[in-house]
Amino acid sequence: MKNITVIGSGTMGNGIAHVFAQNGFEISLVDLKEEFLKKAMATIDKNLDRQVGKGILTLEQKEDTLGRITTFTHLDEGVKSADLVVEAATENMSIKLDLFKKIDYLAPKSAILASNTSSISITKIASATQRPTQVIGMHFMNPVPVMKLIEVIRGYATSDEVTQNIMKLSEGLGKVPVEVNDYPGFVANRILMPMINEAIYTLFEGVAGVAEIDTVMKLGMAHPMGPLQLADFIGLDVCLSILKVLHDGFGNPKYAPCPLLINMVEAGYKGVKTGEGFYHYTPGSKDLQVAARFKK
């Protein structure tokens, strides 16, 4: 596999494109609007500069990496030469199903189709295609250039050959792939999201404040980031979507999202991406300030 298409140029998509390009692959980065792609390329450029500053890359390697990425606003042009397509669109079932149906029609018949979904069934996604044996999950962690883990998710029909190819490919990116089976939330989010949800319930029920909850988990459990700050970083809307997938998939009330989380998302407080969630975020500042509504 030499030609990789990444669908979606947001936080995850531009990170995935960055990592593949840095490792010598030719990248087609596809999104709906040119402005999204320009923002993505600026982000990649900034992150590459950070690597140069740390001595991870040379300036020549940075320029080579950027030179391997071509952007497209039309799906047909972006996927026509792909050996592997990695979808990194919004965590929404209907959007993904529609997208995979189109990709299946437009991409070469030999291409492997992967989704970066963090919770949605790979088996369900594969059902929208005529090549279910060639559909697989590649769940990268954020930030993609830094985090080592890739959850490699086998759908019900995913072939052994495709799974082995993606495991080997992931290792070639300097990542650590872990093969998991296709159940709601896979491994990472099946364990992580109930913890985040319980932290939100702990706040909702008045057991402790935002900073206090995060401090307990950081100092008591050696977590690098508290669960409420992590939820803001992931995106509260994404957390809510994953919890809904877990709740619907298992039918177990323990996965029911906290009413506080639902209200915050409906009100537009989605964390870092909107400037406020459990904390308030000021552009250019690294100071962590608890959001005014949660201050005692």
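Residues numbered from 1 in each chain as written. Predicted model: local features only at pLDDT ≥ 70, side-chain atom pairs only at ≥ 80, totals over all residues. Heavy atoms only, no water.

The protein carries the name 3-hydroxybutyryl-CoA dehydrogenase in an unreviewed UniProt entry, which gives Algoriphagus hitonicola as its organism. The UniProt entry for the protein carries the following comment under Sequence similarities (unreviewed entry): "Belongs to the 3-hydroxyacyl-CoA dehydrogenase family." (UniProt positions renumbered as here; feature names shortened; annotations may be inferred.)

1. Notes on the pairing of strand β4 (residues 84–87)
On β4, burial covers both faces: Leu84 and Val86 on one face and Val85 and Glu87 on the other are all buried. Of the pairings in the sheet, the one linking strand β1 (residues 3–7) to β4 comprises 4 bridges and is parallel in character. Of the residues in β4, the one forming a bridge with Ile7 is Glu87. Looking at chain direction, β4 and strand β5 (residues 112–115) are connected through 4 bridges and run parallel. Its bridge partner being in β5, Val85 is matched across the sheet by Leu113. What joins β4 to β5 is helix α5 (residues 93–106), and the crossover it makes is right-handed. (Buried < 20%, exposed > 50% of the residue type's maximum accessible area, 1.4 Å probe, protein only. Helix = DSSP H or I, 4+ residues; strand = E, 2+ residues; numbered from the N terminus. Pairing = 2+ DSSP bridges. Right-handed = clockwise from strand over helix to strand, strands pointing away.)

2. As for the environment of Lys270
Here Lys270 shows up in the loop between α12 (259–266) and β9 (279–280). Accessibility expressed as a relative area gives 26% for Lys270, which makes it partly exposed. Those residues within four positions of Lys270 in sequence are excluded, and the remaining contacts are Asp232, Gly235, Leu236, Asp237, Val265 and Glu276. (Contact = heavy atoms within 4.5 Å.)

3. Overview of the UniProt feature "domain: 3-hydroxyacyl-CoA dehydrogenase NAD binding" (unreviewed entry) in the protein
Under the UniProt annotation, the feature "domain: 3-hydroxyacyl-CoA dehydrogenase NAD binding" (unreviewed entry) is placed at residues 3–182. Counted over residues 3–182, helix gives 43% and strand 22%. Its end C-alpha atoms are 26 Å apart.

4. Quick word on the layout of surface pockets
The space that makes up the second largest pocket amounts to roughly 150 Å³. In this structure, the second largest pocket is lined by His18, Val19, Gln22, Asn23, Gln51, Pro145, Val146, Lys148, Leu173, Gly174 and Lys175. Within the lining of the second largest pocket, the residues separate by chemical class into 4 nonpolar, 5 polar and 2 charged. (1 Å grid on protein atoms, 1.4 Å probe; cavity = no way out; pocket = protein on both sides within 12 Å on 5 of 7 lines; lining within 4 Å. Points joined across faces, edges and corners; volume = space filled by probe spheres on them. Nonpolar A, V, L, I, M, F, W, Y, C, P; charged D, E, K, R; others polar.)

5. Side note on the state of the cysteines
Evaluation of the coordinates by the stated rule reveals 0 disulfides. You can see Cys239 has no disulfide; the closest cysteine sulfur is in Cys258, sitting 12 Å from it. Classification of Cys258 by relative accessible area gives buried; the value is 0%. (Disulfide = S-S within 2.5 Å.)

6. Section: the packing of helix α9 (residues 210–221) against helix α10 (residues 227–234)
Put simply, α9 and α10 touch, their axes get as near as 7 Å, and they point 105° apart. By the angle between their axes, α9 is roughly perpendicular relative to α10. Residues Val210, Ile213, Asp214 and Met217 of α9 pack against Pro227, Leu228 and Gln229 of α10. For the contact of α9 with α10, the per-class residue count stands at 5 nonpolar, 1 polar and 1 charged. (Axes fitted to C-alpha atoms, helices over the stretch in contact; angles between N-to-C directions. Parallel < 35°, antiparallel > 145°, perpendicular 65-115°, else oblique.)

7. Quick word on helix α2 (residues 34–53)
Counted at 1.5 Å a residue, the expected span for α2 with its 20 residues is 28 Å, and the 29 Å between its end C-alpha atoms agrees. What α2 keeps buried is the set Leu37, Ala40, Met41, Ile44, Asn47, Leu48 and Gln51. Relative to the axis of α2, the buried residues are bounded by an arc of 130° and lie together on one face. Those residues of α2 that are exposed and aimed more than 90 degrees away from the buried face are Glu35, Lys38, Lys39, Lys46 and Gly53. Packing partners of the buried residues in α2 comprise α1 (11–22), β2 (26–30), α3 (59–67) and β3 (69–72). Looking one or two places after α2, you find Gly55, whose phi comes out positive at around 80°. (Expected span 1.5 Å × (residues − 1). Arc of directions from axis to C-beta.)

8. Side note on the packing of aromatic side chains
Overall, the coordinates contain 5 aromatic pairs when judged by the stated rule. Ring geometry for Phe20 and Phe25: centres 5.4 Å apart, planes at 85°, overall edge-to-face. Of the two residues examined, Phe20 and Phe25, each falls in the buried class. Arranged with centres 6.4 Å apart and planes meeting at 65°, the rings of Phe20 and Phe140 form a pair that is edge-to-face. Residue Phe20 is found in helix α1, and its partner Phe140 is found in strand β6 (residues 135–140); the two are separated by 120 residues along the sequence. For Phe20, a relative accessible area of 0% translates into the label buried. (Phe/Tyr/Trp six-rings, centres within 6.5 Å; stacked < 30°, edge-to-face > 60°.)

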